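What the coordinates show
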Amino acid sequence: MPVVISLHGSIFMNWEAQAIQARCFMLFLKTARMVTVHGENQKRKLKSLGVPEERIRILFNTCEMKVVTEEFLLKKHTSSSETPLRILYLSKLIESKGYPEYLEALEILASEDLQRPVHAVLCGPMSFTSYCVRFTDEKAKGDWVRKKIAAINSTPGSLVRVEWIEGAGGEEKQRLFEDAHIFVFPTRFPVESSPLVLLEAMATGCAVITSTVGEIPSMVDERCARMLDDLSPEKIAREIRRLMDEPEKRLQMARHGLELVQGPFSNRAYADNWERLFLEAAKA
């Protein structure tokens, strides 16, 4: 029976070919007729570890988020400038996924002369990995988040307001994405691969600010996302401000993101790609 192994993480990207982890990994992969990855960087890495190129396939992810309509998209991004611009960060609160820089960027915006109110949401439960160095316990992390939000919300004359929602799913998660004009995900997570939250943001009509780590450049381009190498709070704040002040650009980015999740990242494309892969593996 043909075996297909689908890789959905990227920890192997950090392994040298002769490392014990990589050698054991290769023994595992040798059982497969095909191996799938999320992008070109992962494909190149597998080739360098010794996987023949003809056995490697790039298969994009998809998401279960309900895809909004063009009419919804247009209405969202042409709303009155008197209504709040809504910004969302949604992920586990792991420091390398960028939530501290997100809050610090909002703190910078709170001191600026904005032309429109801003309602920002930090959504995610506290979480810890071996890569965490800034906060290593829930109390320290929770205290920092609450103090930072309180400082932003109490800035004199500020039009920026922030709330923390400790996780969301189902209809609440859908609503948060649909409400948001801009989705901010400045991740530098060492083993980031193909974050589903970016597909969810594009499916719901958000313009995206993110990074260039992992396979993010295989998912998005400059037509739908600002991909930053510099993940400083100052740079993130400037990019948010740019999208605030350029509603037409924001709409164009959101529209292109929607086209991507209706095309190469759609459920139909995902099913078709897997069907072709299985047929090919069966014939090989």
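Further up the page is the structure itself.
Residues numbered from 1 in each chain as written. Predicted model: local features only at pLDDT ≥ 70, side-chain atom pairs only at ≥ 80, totals over all residues. Heavy atoms only, no water.

So, on to the nonpolar core. If you look at the biggest cluster of nonpolar residues, it comprises 69 residues, and the most contacted ones within it are I87, L88, Y102, L103, L106, L122 and F183. With 7 residues, helix α4 (residues 99–110) is the single largest residue contributor to this core. Ignoring anything within four residues of it in the chain, the contact list for I87 reads Y102, L106, V118, H119, A120, V121, I182, V184 and I240. With 15 residues, the next largest nonpolar core counts I5, F12, F25 and L46 among its residues. (Core = buried A, V, L, I, M, F, W, Y, C linked by side-chain atoms within 4.5 Å. Buried < 20%, exposed > 50% of the residue type's maximum accessible area, 1.4 Å probe, protein only. Helix = DSSP H or I, 4+ residues; strand = E, 2+ residues; numbered from the N terminus. Contact = heavy atoms within 4.5 Å.)

The subject of this paragraph is the environment of D179. With respect to the element layout, D179 can be found in helix α6 (residues 170–179). Residue D179 is classed as partly exposed on the basis of its relative accessible area of 32%. For D179, the residues in contact, after removing those within four places along its chain, are K76 and R86.

Taken in spatial order, the 3 strands make up an open sheet running β1-β2-β3, and their pairing is parallel. Both edges of this open sheet fall to β1 (4–6) and β3 (56–58), since each of them pairs with a single strand only. Direction aside, neighbouring strands of the sheet carry axes that sit 25 degrees apart on average. As judged from the 3 bridges shared by β1 and strand β2 (residues 34–37), these two strands associate in the parallel manner. Directly across from V4, in β2, lies its bridge partner M34. (Pairing = 2+ DSSP bridges. Axes fitted to C-alpha atoms, helices over the stretch in contact; angles between N-to-C directions.)

Across all of its chains, the model carries 1 cavity of 30 Å³ or more by this definition. The calculated volume of the largest cavity comes to roughly 40 Å³. Lining of the largest cavity is provided by S6, H8, T36, V37, H38, L59, F60, N61, Y270 and W274. Broken down by secondary-structure element, the contributors of at least two residues to the lining of the largest cavity are β2 and α11 (267–283). (1 Å grid on protein atoms, 1.4 Å probe; cavity = no way out; pocket = protein on both sides within 12 Å on 5 of 7 lines; lining within 4 Å. Points joined across faces, edges and corners; volume = space filled by probe spheres on them.)

What follows is about the packing of helix α9 (residues 233–245) against helix α10 (residues 247–262). Where α9 contacts α10, the axes come no closer than 5 Å and their chain directions differ by 100 degrees. As judged from the angle between their axes, α9 and α10 are roughly perpendicular. In this structure, α9 contributes L243, M244 and D245 to the contact, and α10 contributes P247, K249, R250 and M253. Looking at the contact of α9 with α10 residue by residue, the class counts come to 4 nonpolar, no polar and 3 charged. (Parallel < 35°, antiparallel > 145°, perpendicular 65-115°, else oblique. Nonpolar A, V, L, I, M, F, W, Y, C, P; charged D, E, K, R; others polar.)

Turning our eyes to something else, we now look at the pairing of strand β7 (residues 182–185). With burial as the criterion, each face of β7 is covered, one bearing I182 and V184 and the other bearing F183 and F185. Sheet topology places strand β4 (residues 85–90) next to β7; 2 bridges connect them, and they run parallel. What sits directly across from L88, in β7, is F183. Pairing of β7 with strand β8 (residues 207–211) involves 4 bridges; the strand directions are parallel. Pairing of F183 across the sheet is with V208, part of β8. Since β7 and β8 lie parallel, the crossover through helix α7 (residues 196–203) that links them has a hand, and here it is right-handed. (Right-handed = clockwise from strand over helix to strand, strands pointing away.)

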